[in-house]
Each structure stands twice: as structure tokens, then as C-alpha cells.
Amino acid sequence: MTDTSPLVLVDGSSYLYRAFHAMSQADLRNSSGQPTGAVRGVISMLRRLQKDYPDSPIAVVFDAKGKTFRDEMFAEYKAQRPPMPDDLRSQIQPIHDIIDAMGLPRLVVDGVEADDVIGTLAAQAGAERPVVVSTGDKDMAQLVNDHVTLVNTMTDTRMDVAGVKEKFGIPPELIIDYLALMGDKVDNIPGVAGVGEKTALALLQALGGLKDIYQRLDEVPSLSIRGAKSLAKKLEDSRDAAMLSYELATIKCDVELEVSIAELIPKAPDNDALLALFSEMEFRSWVEELQGSEAATDVESSKPATATRYEVVTDAEVFHKWVERLAAAELFAFDTETTSLNYMQARVVGVSFAVEAGEAAYVPFGHDYIDAPDQLSEEEVLGALKPLLEDADCAKVGQNLKYDANVLANHGIALRGIADDTMLQSYVLNSTASRHDMDTLALKYLGETTVHYEDIAGKGAKQLSFNQIALEQAGPYAAEDADITLRLHQCLSPQLGAEKGLNEVYRNIELPLVPVLSRIERNGALISREMLGKQSLEIAEKLKELEQQAYEIAGGEFNLASPKQLGEILFERLEIPVVKKTPKGAPSTAEEVLVELAHDYPLPKVILDYRGLAKLKSTYTDKLPQLIDERTGRVHTSYHQAVAATGRLSSSDPNLQNIPIRSAEGRRIRKAFIAAEGYKILAADYSQIELRIMAHLSRDEGLIRAFKNGEDIHRATAAEVFGVAPEDVSDEQRRNAKAINFGLIYGMSAFGLARQLHIGRNEAQQYIDLYFERYPGVLRYMDDTRALAAEKGYVETLFGRRLHLPEINARNGQRRQAAERTAINAPMQGTAADIIKNAMIAVDRYLIDENPDAKMIMQVHDELVLEVAEGQLEQVQARVVELMSAAAELAIPLEVGVGSGNNWDEAH
DNA sequence: TTCTCGCCGTAC
DNA sequence: GACGTACGGCGAGAAT
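For clarity, every value in this text was computed on a predicted model and none was experimentally measured.

Novice: What exactly am I supposed to notice about the sheet that holds strand 22 (residues 896-901) here?
Specialist: Note on sheets: strands pair through backbone hydrogen bonds, and any given pair is parallel or antiparallel. Strand order in the open sheet formed by four strands is 20-21-17-22, and the pairing between neighbours is antiparallel. One side of each edge strand has no neighbouring strand; the edge strands of this open sheet are strand 20 (854-859) and strand 22. The average angle at which neighbouring strand axes cross in this sheet is 20 degrees, direction not considered. In the packing of helix 36 (residues 873-885) onto the sheet, the strands contacted are strand 17 (679-686), strand 20, strand 21 (863-869) and strand 22, and the crossing angle to strand 17 comes to about 20 degrees.

Novice: Help me out: how do you make sense of the protein's contact with DNA strand C in this one?
Specialist: Of all residues adjacent to DNA strand C, which total 34 residues, the nearest are Ser562, Tyr746, Ser749, Gln756 and Arg821. Taking the atoms of DNA strand C that fall within 4 Å of the protein, sugar and phosphate contribute 69% of them. Between DNA strand C and arginine 648 there is a distance of 3.2 Å, counted from a base oxygen to a side-chain nitrogen or oxygen. Of all the elements in the fold, those that place two or more residues in the surface near DNA strand C are helix 23 (563-573), helix 25 (603-621), strand 16 (650-652), helix 32 (750-757) and helix 35 (813-850). Of all the elements, helix 35 adds the most residues to the surface near DNA strand C, at five residues. Here the surface near DNA strand C is built from residues that sort into eight nonpolar, 20 polar and six charged.

Novice: Would you mind showing me how to read the packing of helix 7 (residues 175-182) against helix 8 (residues 197-207) here?
Specialist: What describes two packed helices is the angle between their axes and the distance between those same axes. One way to put it is that helix 7 packs onto helix 8 with a least axis distance of 9 Å and a crossing angle of 135 degrees. Between helix 7 and helix 8, the crossing angle belongs to the class labelled oblique. Here helix 7 and helix 8 pass one another in a crossing that is right-handed. On helix 8, the residues touching Asp177, Tyr178, Leu181 and Met182 of helix 7 are Glu197, Ala200, Leu201, Leu203 and Leu204.

Novice: Sorry, what's going on with the protein's contact with DNA strand B here?
Specialist: Taken together, 21 residues form the shell around DNA strand B, and within it Glu591, Arg611, Arg648, Asn658 and Ile661 come nearest. Near the protein, meaning within 4 Å, the atoms of DNA strand B are sugar or phosphate in a fraction of 78%, with bases accounting for the rest. In the environment of DNA strand B, a sugar or linking oxygen lies 3.0 Å from a nitrogen or oxygen atom belonging to the side chain of aspartate 862. Top element by residues in the surface near DNA strand B is helix 25. It accounts for three residues.

Novice: Got a minute to help me understand the UniProt feature "domain: 3'-5' exonuclease" (unreviewed entry) in chain A in this structure?
Specialist: The UniProt feature table records "domain: 3'-5' exonuclease" (unreviewed entry) at residues 310-497. End-to-end, the C-alpha atoms of residues 310-497 are 30 Å apart, and along that stretch the chain is 45% helix and 17% strand.

Novice: I'm lost on unusual backbone geometry in this one. Help?
Specialist: If a residue is not glycine, its phi is most likely negative; likewise, a peptide bond is most likely trans. In this chain, aspartate 653 is followed by proline 654 through a cis amide linkage whose omega measures -5 degrees. Structurally, proline 654 is set in the loop between strand 16 and helix 27 (664-671). If you check the backbone angles, aspartate 371 has positive phi at about 65 degrees while not being a glycine. Within the element layout of this structure, aspartate 371 appears in the loop between strand 10 (359-364) and helix 15 (378-390). Tracing the chain through its elements places aspartate 653 in the loop between strand 16 and helix 27. On the accessibility criterion, aspartate 653 (54% relative accessible area) is exposed.

Novice: Help me understand the side chain of arginine 670, please; the structure alone is not making it clear to me.
Specialist: Residue placement: arginine 670 occurs in helix 27. Despite being buried, arginine 670 has no salt bridge partner; glutamate 863 is the closest side chain of opposite charge, sitting 4.4 Å away. In terms of polar contacts, arginine 670 uses its side chain to reach the backbone carbonyl oxygen of proline 660, at 2.8 Å. Other than its neighbours up to four places away in sequence, arginine 670 contacts Ile659, Pro660, Ile661, Glu863, Asn903, Trp904, Asp905 and His908.

Novice: Please clarify how the pattern of salt bridges should be interpreted in this entry.
Specialist: When charged atoms on two side chains of opposite charge get close, those side chains can pair. Evaluated as defined, the whole model comprises 42 salt bridges. Here lysine 233 makes a salt bridge to aspartate 237, at a shortest N to O gap of 2.9 Å. Taken together, the residues span about one helical turn, with lysine 233 and aspartate 237 both in helix 10 (residues 228-237) at a distance of four residues. Aspartate 237 matches lysine 233 in its accessibility class, with the two residues each being exposed. Its salt-bridge partner being arginine 667, residue aspartate 905 comes within 3.9 Å of it at the nearest N-O pair. Of the two residues, aspartate 905 sits in the segment after strand 22 while arginine 667 sits in helix 27, which places them 238 residues apart along the sequence. The class for aspartate 905 is buried, based on a relative accessible area of 13%. Shared partners join several salt bridges into a network, and the residues in it are Lys534, Glu538, Lys542, Glu665 and Arg668.

Novice: I keep staring at the layout of surface pockets and nothing clicks. Help me out?
Specialist: Over the atoms a probe the size of a water molecule is rolled, and this reveals where empty space is left. Approximately 1,700 Å³ is the volume attributed to the second largest pocket. A total of seven residues in the lining of the second largest pocket trace back to one element, the largest contributor, which is helix 25. Across the lining of the second largest pocket, the residue classes break down as 20 nonpolar, 12 polar and 12 charged.

Novice: Sorry if this is basic, but what is going on with the pairing of strand 8 (residues 331-338) here?
Specialist: Remember that side chains alternate between the two faces of the sheet whenever the strand is regular. Among the eight residues that make up strand 8, eight are buried, leaving the element largely enclosed by the rest of the structure. With burial as the criterion, each face of strand 8 is covered, one bearing Leu331, Ala333, Asp335 and Glu337 and the other bearing Phe332, Phe334, Thr336 and Thr338. Strand direction decides the pairing type here: strand 8 and strand 11 (residues 395-398), joined by three bridges, are parallel. Within the sheet, the bridge partner assigned to phenylalanine 332 lies in strand 11 and is lysine 396. Examined bridge by bridge, strand 8 and strand 9 (residues 348-354) share six bridges and lie antiparallel to one another.

Novice: Help me understand the packing of aromatic side chains in this model?
Specialist: Two measures describe an aromatic ring pair: the distance that separates the ring centres and the angle between the ring planes. Applying the stated criterion across every chain yields a total of 16 aromatic pairs. Seen in terms of ring centroids, phenylalanine 332 and phenylalanine 353 are 6.3 Å apart; in terms of plane orientation they differ by 80 degrees. Their pairing is edge-to-face. Within this pair, whereas phenylalanine 332 is found in strand 8, its partner phenylalanine 353 is found in strand 9, the two being separated by 21 residues in sequence. When sorted by exposure, phenylalanine 332 lands in the same class as phenylalanine 353, which is buried. Judged by centre distance (6.1 Å) and plane angle (85 degrees), the ring pair of tyrosine 362 and phenylalanine 466 falls under edge-to-face. Taken together, the positions of tyrosine 362 in strand 10 and phenylalanine 466 in the loop between helix 19 (453-457) and helix 20 (471-497) put the pair 104 residues apart, joining distant regions of the chain. As far as burial versus exposure is concerned, tyrosine 362 and phenylalanine 466 are alike and both buried. Connected via pairs of aromatic rings, a cluster forms that spans Trp322, Phe332, Phe334 and Phe353. For arginine 670, the ring lying beneath its charged end belongs to tryptophan 904, and the centroid distance is 4.0 Å.

Novice: I keep staring at the side chain of serine 431 and nothing clicks. Help me out?
Specialist: As for its position among the elements, serine 431 is in the loop between helix 17 (422-429) and helix 18 (438-446). Separated by 2.7 Å, the side chain of serine 431 and the backbone oxygen of alanine 645 make a polar contact. Setting aside anything within four residues of it in sequence, one finds serine 431 in contact with His436, Ala645, Arg802 and Leu803.

Cut-offs and rules
- Starting afresh in each chain, residues are numbered from 1 along the sequence in its written order.
- Each chain gets a letter, beginning with A, and each ligand a number, beginning with 1, in the order they are written.
- For this predicted model, a pLDDT threshold of at least 70 governs which residues receive local features, and a threshold of 80 or more governs which side-chain atom pairs are given and counted, while totals over whole chains, interfaces and linings are taken from all residues.
- As a rule here, side-chain values come from all non-hydrogen atoms in the structure, and water together with hydrogens is ignored.
- What makes two strands pair is DSSP finding at least two bridges between them.
- We count a stretch as a helix when DSSP gives it H or I for four or more residues in a row; a strand needs E for two or more, and each element gets its number in order from the N terminus.
- Here the axes come from fitting lines to C-alpha atoms, over the contacting stretch only for helices, and the angles between their N-to-C directions go from 0 to 180 degrees.
- Any two residues having at least one pair of non-hydrogen atoms within 4.5 Å are treated as being in contact.
- Note on terminology: near, applied to a residue and a molecule or strand, indicates that one of the residue's heavy atoms is within 4 Å of it.
- Residues adjacent in sequence count toward polar contacts only when both atoms are side-chain atoms; beyond that, a polar contact is any pair of N or O atoms within 3.5 Å, and within protein one must be able to donate a hydrogen and the other to accept it.
- By the convention adopted, Pro, Cys, Tyr, Trp, Phe, Met, Ile, Leu, Val and Ala count as nonpolar, Lys, Arg, Asp and Glu as charged, and the other residues, Gly among them, as polar.
- Orientation is classified from the angle alone, with under 35 degrees giving roughly parallel, over 145 giving roughly antiparallel, 65 to 115 giving roughly perpendicular, and any other angle giving oblique.
- Handedness of each helix crossing follows the sense of rotation of the near helix against the far helix: counterclockwise by less than a right angle gives left-handed, clockwise gives right-handed.
- UniProt positions are given in the numbering used here, feature names are shortened, and annotations may be inferred rather than shown by experiment.
- Buried means the residue's accessible area, taken with a 1.4 Å probe over protein chains only, is under 20% of the maximum for its type, while exposed means over 50%, and partly exposed covers the values in between.
- Charge assignment: positive for Lys and Arg, negative for Asp and Glu; neither His nor the chain ends contribute.
- Take a side-chain nitrogen of Lys or Arg and a carboxyl oxygen of Asp or Glu: if they are within 4 Å of each other, that pair is a salt bridge.
- Two kinds of site are reported from a 1 Å grid over the protein atoms alone, namely cavities, where a 1.4 Å probe fits but cannot get out, and pockets, open sets with protein on both sides within 12 Å along at least five of seven lines, and residues are called lining when an atom falls within 4 Å of a point.
- Grid points are joined across faces, edges and corners, and a volume is the space filled by probe spheres set on the points.
- Side-chain rings of Phe, Tyr and Trp, where Trp is taken by its six-membered ring, are said to pair if the distance between their centres is within 6.5 Å; with planes under 30 degrees apart they count as stacked, over 60 as edge-to-face, and otherwise as tilted.
- Placement of a charge over a ring requires the Lys NZ or Arg CZ to be within 6 Å of the ring centre, with the centre-to-atom vector within 35 degrees of the ring normal.

Laid out in C-alpha cells, this is it:
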């Protein structure tokens, strides 16, 4: 604890109301119906404050029950306030309990309001130490001075003296006068009748405080204020009310308190109590966090926090000492700082390292703000590091090293020797956790609050790039990244090592995939700007026509892209019956609804066509060309390896995994994914991989037989379910069987199937019953999976990847059922993901070892896309199919379909 | 002007 | 309400 850590005073009552109203839309409740929104809001705000001011004394202040001195002063004070809603009242006790368990001092003083307690404590702190008042109440601005700042933790805004002047147009000293003139409807402070915000401000700016205004009443009529003539009389009439309002609005700063600031030190949290309270409220992520960090906090409390030694290295001798140290180390953590998040454009401007926990260095070489100190040169730093970074035997750990590998490649450095990646360690340990970024992991596993990038770089339009950040700030931030990475590694490696299956997924699949993905990303996909541009223009023409048609039918113009406006036109003006509603109760205009309405009305068809084309244009034909890299002429997606809970990759900027294929106009976009001169696009995809996995996992004889015989699986299913010979299966029967097959993979219910097939629920249930009768192994597998999930709390893929299902035993039926559906789907989707990842590693190794003129350019869940020199097409194609088929040993063959052509569409 | 949320639609 | 996993564009309303 230092003397300069600010005293933090939290206006609990103001947050209580604000959180309640902010969260009321969502109507959060736990499964026993207890409302929890305000609890969550208030507690998350306190957690943020704790993180922001870890060493500060703190008080969380609430209004006392019963009358206050203001009520004695003015009987009508706050008389207009409606009684506290029951849903809020019932949340107060839990909030108090949680605050106590968090170890935070909680204050309630009879006869006064929270504001007054806060004002008094702020006054007591005086100039001794800075005070931060956390509140959502603007009235508190009167407390602001050189030592006191206001923070609204819900909106993350701060207000100091200058901030008050900016926001209100007057200094803090005049805030009470301002409130007295204006009055306050909510608190029933009368103010001066007829004076609102504008007039109050003008008066204060022209004449000074309330007393001055009343002394200079004669000057009022000549002021250039609207209604100045009658204003003096209004003021005169309300003189008493104004004086009373002034008293009411004044925060009392001399309340007698039984505690002193020195006593406002947070205690260690009672984690057991917290766990029970969070569990009761069903705050899942906080429960998880507590459970995950138990080990960490235990360790922490038993020994003092390690002091950190972070240095900025600008001296050649010191730098080379570090390099020697890195070379001699068994393992080191490192991180690059760069100019951009775009890995193709980013330049490295500094590198940080850590060898021992708590100690780290940042070596800048590209910071170029005004008056930046002298730094070592890029050549000297990267030149000395290159041998280490490229040495496969020199073990390194990082957080999301794919990014570092990509940017180092921009400097001609090929990163090797990736011993561990903490992001992937965290992901494999618990893929259900929502984020695996370093800040989150540091808090979760180390109990450390890290410096956030936004803290030092700002945010929004005025965000600085890293090379513009002063070394005083950049150094500790960058060094901390390396230090935290190393410490995370020390924490996560043993956890992973203790789980054989998880460790294998991590070692054999995720880690080796990193350099493979890096290469695919950097290879990029060649797309034709011309073709997409032409398509955009043509679509624009068609959209214009459709728009005109829509206006004619609707009898007026409206925004076709607005579901709200469209809903009004369709269901109010045209009086078309509402088929379905959105979860929020608005009439749905979703595709399936419009398709149905299109039978009977002309407008829905036009809207459907419009939407389809507008989507293609904005998301694809307009957007993709913007993402072409200037130098390579290609688009370079980012594959995310720690996002999808099932183990799949995801892709963004651009997302290459949802390029259209189902419509002709959509396929035109695939035609724009072309091969370079002399090359062809090769696309290889697994056929029915998830159903094959289901056959393998369930060991169902019928399903296995069908796949072994190479049958058309949907036709075979139809033959079984509908009791006809395979050759007699009608198109409709096959279509229905296909829907059943997909539905099974997704854990679909009879209701879902009925909706999909537009049949009755009973009929759908009959299909499902028949299916399970014909494929009893599948039924057994599904039952077993649900049971196992409920018992263990997770499900596994064939390769041992785990997916945690915290809600599998939820009392809330809807949530539990959702978890059960995930339990059914995840082993199949996840095993498929494991398999194609294995295949990618194998194909990559083949491309490197045998060096054909070919490269992988895309992965789309069950498909690999390569760009291959024409002369080597057949050879590469054969090998890719072979390697993909051999990526897993199942009870049935893994069939791979393959095609090639001048573009992605032709390759299908 | 910028941010967040809901809705919708694309892929596998 | 009711079918799993993603990403992303747009409108609308809130915050600024």
C-alpha cells in the first residue's frame, strides 16, 4: 500500500437503481425465479473498481432505511418516489452479502444518505490523498475538486474539475446552485418554477452563485436570456423554494462517522462464501473463475506477491547480456509489439522477454514519437535474436504465437521452437471459457490485473499505435506481457500435463497446427477484384429495380433492410397475418416467414430477393475487394484457434468459411476465388464426415454397413425409415431422411424436425421413432452420451478433446436441454475438427518435405483448398486425398471428394 | 459521431 | 421455446 493510492468511495445506492433499470430489459433471474440483474450489475461494477484500484482503501456506501435530516427539513422530499419495486428489494440482501464476502467495507449511516457519507469521507481525506468517487449520480459533481474525481464505473467515464466545467458549463462550486435553481423532479426538490437547465446555466454564468443572483435581481431583466423579462419575478416568487432547494441539494460533509479512513482497508475475500453466493445467483463465469483461481489464490496468500522487475533495454551491452541469457535458458517467454493488428501490414517495433517469473525486459527499436529516447537499431536487435527465434531446439513460449510468427515473417524471421502457447493451453483445458486473451487468463489463473492495451494506447479514433507510445508506459506493458505469459505457462503446463488426453490433443494437434495456420494465412487466397466489382454493379441494378417494385406494392417508400419498417408495412399497412414472432415479441420477417407469405402475397417475394442480393453485395462482393492486401494482391484471413468451443477453427477479416454456395448468384462469388496463372484450385472435402463419426462412435451396425457399402447415406436412411427399397426412395423421402440425419447430429427434437419438414409433430416423432428402431445403436449412443455428460460435466471427442457443459444439470429445463443438444453435437463436430486438423498438419508436412509447387490456402471445416501448379495437379491431388483419408482410423472409411479448376466454384 | 443490441443470413 | 458451431451487416436507439 502506498500513500498515493486513492481512497475509493462507491455510491452503492445510485448503482443499485441504475443497475436495476439497466438490467430490467434482460430480466435476469436464476432458476428459482429470483431476479439477479441488479446484483450482477452492482457486483461487476465493484469488481471492475477493485481491478482498477487494487491497493486502495474503499467504502461501499448505501442509503439508510427510514427518514433522513432532509425529510425533517422538507416533508415532501422524495415524496414523489414510487416505492421500491419488489424485484429490486429482493436483491439488496444478496448484494450486501456478496460485498461482505468480497471483503469490502460497507457503510450505512442512519439519518443521512449515501451522498453525505461519501462527502464526509472525501472531506476527511482532504489533501492527504486523492479521492475517487464512483457514482452514477450527477449531483455528486459538487464534490469534485483538485483532490476528488468522479468516476462512473458503468459507463467508464471520469470527471475532474475540467470535466465538470465541460459537462455542465460551470465549475463544481456552482453545482449546488445549479441544482437549486433547476430543482429535481425525481427527488421532488422544488427549485425555481419555470427555470430549467438552460436558464439556470445562463444565470449562473452571468451573475455567479445563487446568493449573487438574488442580490443582483435587478440585472436579470437586461440579461440576454430567453424570457429574461419575467425571470426576475419568477425568481422573486420562488425565493424560499430556491433557498430550501439549495439546502436539500447540498451534500453534508460533516456527518459523524464511527469509522476512519484507515479502517477502510479491504479484507481478503471469503472465497467459500462467495462461491456459495455466486452459485445461488447462478453467475456461472464468476463461479468458474473462483474455482479456476482457487489454486492461484491459495499460493498467493501463502507467500507475498513477487515483486516485479521490468526493464527497458536501450543499451547494447545490456541487450547482449539478455541475449546470452536467453540462449542459455531452458525456455523463455517472448512477445512482439507491432504497429498494427493486421499481421500482413504489421512491423515489429520492440520485443519483450522473460526467463524468470517477475523479471522481464522490453527491447524497443521502432518507437518514433517526438523526443523518443535513442534505441537500439532494428538490425541489431532482430539480427541478434534471429538465430534464437529460428532455432527449433530453443524452446519458446508465447501467447497466441501465430500472430508473432506472422509478423516476424515480415522481417524475414521464420519462428521455430514453439514449445508452448498459453492461449492454446487455456483453450484445451477449457474451450467453453468465453475468452482466452492474456488479460482474462492473468486474472483467472494468476489473480493478476494486467495493464490493458487501451489503458496506454487509448481507444477509438485517437488510439495510438504501439510505436507512438512513450517508453515509460510501453516498457512496463510489454515486459508484463512476457512475464505474465511465462507465469501462465508455469501455471497451465502442470494442469495440462495431468490430463493425458487433453495433453495429447494439445501436443499432437493444436501446437503443431500453429505454423501450419500461419503459412495458410500468409499464403492468402487470390480473388478477382474485377469479377466482384462487376457483380456488385449488377446487383446494385437489380436492387434498385426490386426497391421500386417494393415501393409500388407497399404504396410508399420504406427501408427494405429494416425489419422494423418492413414489419409495419407488411403486418399493419398491408394487414398480412403475423405468422411468427421474434423472441422480443415483434412480428418476425425472417426468411421462412416470408417464404410462407410469398404464396399469398407479392411483397414478401420481392423482399426475399432483395435481402438475398443485398446480403451478397454488402458482405461479399463489396467487402472482399477491400480486404485485398496491396502487396500480395490476395486476401489474408485470420483463423482463430481458440474460439469455437467444439474445436473447430473460425475465420474472420474476411470470414472465408461462409462464402455462399447454395444459390447461383452466390456461387458467382466462388468463381472470383481464382488460381494464379499456371495454377489450379484444388478442393478436397470429407464426405458426410459427421455422420460417419456418428456411425463410428455409436458402432451402429446398420449405419456402419451402409457406409462400408458406399451407399448414398440419405437414401439408405430413407429406405430404412420409410420401409422401401433403396431404388424406390422418392425425392421427397430422401429429402426427409436428409433432414433427419442432420437433425440427429444437432440433437433436434420432434418439434424442430416438424418445423423443418413442414409436417405435424406426431408425424415427425414417428420418423424419429422409426429411425431409432432401425438404428438402435444410435439411440443407445445418444442416451449414453447424455448420461455421461450429466455425470462428468463434459463430453469428449474421439481424440480426447473435452467440452465442458456447466449447464448439463441445470434446473432450468430450457438451459439443460440446450446443454444436452450440445452434448450430442460436440463429439461429432469436434471429432471432425480434430480429423481435419490432423489432415492439415499431414498435408503441410508433405508440402514441405516433398516440396511440390502447391500451397494450402483455405480450410472450411470439412474442406481443404489448395493452389497447385498445373503440372503437378494429379500428383498433389492423389496425395492430399490419401493424407486426408488417413487422418483418422474409424470403423468405416473416411471418404474424400476432390475436384479442381480455375476457380473455387469449378473445383467442386 | 460512435457504440451496443437485436435481427437476419451466410457457411459447415 | 423448440437444431449444433461460427462471423458479420444493417437498423435503431443510446450515449456522446
